[in-house]
Each structure stands twice: as structure tokens, then as C-alpha cells.
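As a plain string of letters, each chain reads:
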Amino acid sequence: MTQDELKDAVAAAAIDEVRPMLGNNIVIGIGTGSTANCFIDRLAELRGDFRGAVASSEASAKRLKGHGIDVFELNETGTLPVYIDGADEVNAHLQMIKGGGAALTREKIVAACASRFICIADASKHVERLGNFPLPVEVIPMARSYVARELVKLGADPVYRQGVVTDNGNQILDCYEFMIDDPVAMEARLNAIVGVVTNGLFAARPADILLLGESSGVSRHVSA
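Counting of residues starts from 1 at the beginning of each chain's written sequence and follows it residue by residue. Local features in a predicted model are, by the rule used here, given only for residues with pLDDT of at least 70; side-chain atom pairs are given and counted only at 80 or more, and totals for whole chains, interfaces and linings are based on all residues. The side-chain values count all of the structure's non-hydrogen atoms but skip hydrogen atoms and water molecules.

Looking at this structure, I do not really get the side chain of Glu17. What am I missing?
Under the scheme used here, helices are H or I runs from DSSP no shorter than 4 residues and strands are E runs no shorter than 2 residues, and both carry numbers assigned from the N terminus. With respect to the helices and strands, Glu17 occurs in helix H1 (residues 3-18). Each residue gets one of three labels from its accessible area relative to the maximum for its type: buried under 20%, exposed over 50%, partly exposed in between, using a 1.4 Å probe on protein chains only. We classify Glu17 as buried; its relative accessible area is 17%. We call two residues contacting when some pair of their heavy atoms lies within 4.5 Å. Leaving out residues up to four positions away in the same chain, Glu17 has contacts with Ile118, Ile209, Leu211 and Arg220.

What follows is the structure, encoded as C-alpha cells:
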């Protein structure tokens, strides 16, 4: 199977996971990225079975609306029954690096409000140790240089993602050469740096279910 076929396979498996949760008053959370887009496209077939969705980015909101799915602000909805999103890396504990699409802050907020987080990914994203994918850190623009110096002290090689402005009006520093042994502790340490909005470690709130697309099919992993 090609990578695109794997993404579509996990999107289909996620539909099977979500279908029993749907109802007229149900609003679900939707993430950002190519795998999430596959899920959105499949979700269109069920648009009459639920109320709508909260999107983690303007791009996902636009795609949902294009399929005739109503999009709500998170402040209108409160707790969500489920959030579906991809990952740039995911480990055996279902801790992730996310934010390759620069939507990490909104993704983390929506995930925090969801009772269940379903991660959908192809097998290339499954790793033993997080950090080969550069870790994104969203920063307040005036703090970018300061935060970069602090990241260097932690052993990272931060690179300003030029030309990228997040949906929140902020900037991204990508941390290269930054392998992570304790994702929960590092997530908290990075977030404590003044000027950091959040970082792309999803460890304090990992996924509850991982649907992993492999050549043999989709495997289901549950957080311990």
C-alpha cells in the first residue's frame, strides 16, 4: 500500500470508531493535516448523523464547510466526546510530536477538551523515541530570539520557520537534533519558557487510541 492508501485506510478505521458515538447533538473535534483531511473527506458521508465539528485550524474548518459540515467554536460546545487527528511521530505510549502544519496550539486545546483522543497515522510515524521529527514550538513573535537561546541551552538546534504565521498570529521555531527521553517532563519544561505559547509534544495528554496503517492492514493500539 502507498502512504496515501495507508492514510485512507486509517481514516476509514477512524470512521468505524466514531460512528457509534454520533447523534443529533454531537459535536466532534477534528485535527489538521493530510491524514485528518482523509478523515474529513470520509466523514462527509455521515454529515446528517451528527451536529457538526470543532476544527483545530482554519484549513480544516474550510474543508469541513466544503463538505456541508457545520463548524462550531470550542467555546460554544464545551467537552467533546472525541477528537481525531494525525501525528508527525507517535511512540508506544501514544505520546506524540505534532505541529508540522503549525496548528499545534489549537490541536492541543481541542485535544484537552476531548473525552477520547484518536490518533490516526501510517506506520512511518511510529517511533521508539520521539525527536527525529523536528519539534515545533509556537512563540510570541517578540520572544522568538529569547526562546531560541533558551532552547539551545536545552540542547536543541532551533530554526525559525520563515514565512509561517500560525492561526493565532504567532511564529514557529522547529527544534532539530533534539531527541526526547522524558516527553512529559520536557513538555512542561518547554512550556515554562517565557514567550512560549505551547510546544508540539503531546505527552501529558497522549492519545487514547492509535489506529496505525501498516502494509498488513490497520492495527489498533490502546493507551496503557
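Let's pick the thread back up.
Before we go on, may I ask you to explain the sheet that holds strand S12 (residues 209-214) in this structure?
Whenever strands of a sheet pair, they do so through backbone hydrogen bonds, lying parallel or antiparallel. Pairing between strands is defined by DSSP: at least two bridges between the two strands are required. With mixed pairing, six strands are arranged side by side in an open sheet as S2-S1-S3-S6-S12-S13. Taken across any chain shown, the strands that pair with only one partner, and hence form the sheet edges, are strand S2 (52-55) and strand S13 (217-222). The average angle at which neighbouring strand axes cross in this sheet is 20°, direction not considered. With two bridges connecting them, strand S1 (residues 27-30) and strand S3 (residues 83-85) associate as parallel partners. Bridged to Ile30 within S3 is Ile84. Every axis corresponds to a line fitted to the C-alpha atoms, with the helix fit spanning only the stretch in contact, and the corresponding angles, defined between N-to-C directions, vary from 0 to 180 degrees. Strands in contact with H1 are S1, S3, strand S6 (117-122), S12 and S13; relative to S12, the strand with the most contacts, it is inclined by about 145°.

How should the nonpolar core be read in this particular structure?
Side chains of nonpolar character tend, in soluble globular proteins, to be buried together. Here the nonpolar core consists of buried residues drawn from Ala, Val, Leu, Ile, Met, Phe, Trp, Tyr and Cys, with membership extended through side-chain atoms lying within 4.5 Å. Membership of the largest hydrophobic core comes to 26 residues, with the highest contact counts inside it found for Ile28, Ile30, Phe39, Leu43 and Ile84. Contributing elements (two or more residues each) for this core: H1, S1, helix H2 (34-43), S2, helix H3 (58-66), S6 and S12. No other element matches the six residues that H1 contributes to this core. The contacts of Ile30, once residues within four sequence positions are left out, are Phe39, Ile40, Leu43, Ala53, Val54, Ala55, Ser56, Leu64, Tyr83 and Ile84.

Please explain H3 as it appears in this structure.
The periodicity of an α-helix, 3.6 residues per turn, causes residues three or four places apart in sequence to face the same way. For H3, every residue scored as buried is listed here: Ser60, Ala61 and Leu64. For H3, the arc enclosing every buried residue in end-on projection is 100°, short of the 170-degree limit, so these residues lie on one face. Exposed side chains of H3 directed beyond 90 degrees from the buried face belong to Ala59, Lys62 and Gly66. Here the buried face of H3 lies against S1, H2 and S2. Following H3 by one or two positions, Gly68 has its phi on the positive side, about 80°. What the arc measures is the spread of directions leading from the helix axis to the C-beta atoms.

I would appreciate a short explanation of the pattern of salt bridges in the present structure.
Close approach of charged atoms allows side chains of opposite charge to pair. Salt bridge, as used here: a side-chain nitrogen of Lys or Arg that lies within 4 Å of a carboxyl oxygen of Asp or Glu. This structure, assessed with the given rule, holds 13 salt bridges. Note that Asp41 and Arg63 form a salt bridge whose closest N and O atoms lie 3.0 Å from each other. With Asp41 in helix H2 and Arg63 in helix H3, this pair connects stretches of sequence that are 22 residues apart. Asp41 sits in the partly exposed class, given a relative accessible area of 32%. Counted as one network, the salt bridges with shared partners bring together Asp85, Lys98 and Glu107.

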